Amino acid sequence: MSRGKHLSLEEARKKDQLKQFAKERPSKGDEKLFDETLKRMAIKPKKPKSGGRTSKKD
């Protein structure tokens with residue numbers, strides 16, 4: 001496999017050049033947005049207070 005303009009992920013893994021792969025593809029992120037999303041995914045939802053419908057009746 002020949003190398004073009006950028007190193008492919010497959011080539012980088014095979015040739016142990018993941019640092020070069022990452023250097024060619026810099027990324028930007030939003031730390032606050034990531035932390036908030038992670039928190040919402042990880043926290044269990046609160047149970048509803050009594051008086052709410054919890055099961056269906058046939």
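If you're wondering where the values come from, they're calculated on a predicted model, not measured in any experiment.

The rules behind each value
- Residues numbered from 1 in each chain as written.
- Predicted model: local features only at pLDDT ≥ 70, side-chain atom pairs only at ≥ 80, totals over all residues.
- Heavy atoms only, no water.
- Salt bridge = Lys/Arg side-chain N within 4 Å of Asp/Glu carboxyl O.
- Buried < 20%, exposed > 50% of the residue type's maximum accessible area, 1.4 Å probe, protein only.
- Helix = DSSP H or I, 4+ residues; strand = E, 2+ residues; numbered from the N terminus.

Colleague: Report on the pattern of salt bridges, specifying residues and quantitative values.
Modeller: Counted according to the given criterion, the structure contains four salt bridges. Between Glu24 and Arg25 there is a salt bridge, with its nearest N and O atoms 3.5 Å apart. With relative accessibility at 18%, the residue Glu24 sits in the buried group. The salt bridge partner of Glu36 is Lys39, with a shortest N-O separation of 3.7 Å. With a gap of three residues between them, Glu36 and Lys39 both fall in helix H3 (residues 31–42), about one helical turn apart. What you see here is one network of salt bridges that share partners, running through Glu36, Lys39 and Arg40.

Colleague: Describe unusual backbone geometry, listing the residues and the values that go with them.
Modeller: Non-glycine residue Asp16 carries a positive phi angle of around 55°. Looking at the secondary structure, you find Asp16 in the loop between helix H1 (9–14) and helix H2 (18–24). A residue is classified by how much of its surface remains accessible, and Asp16, at 69% relative accessible area, is exposed.

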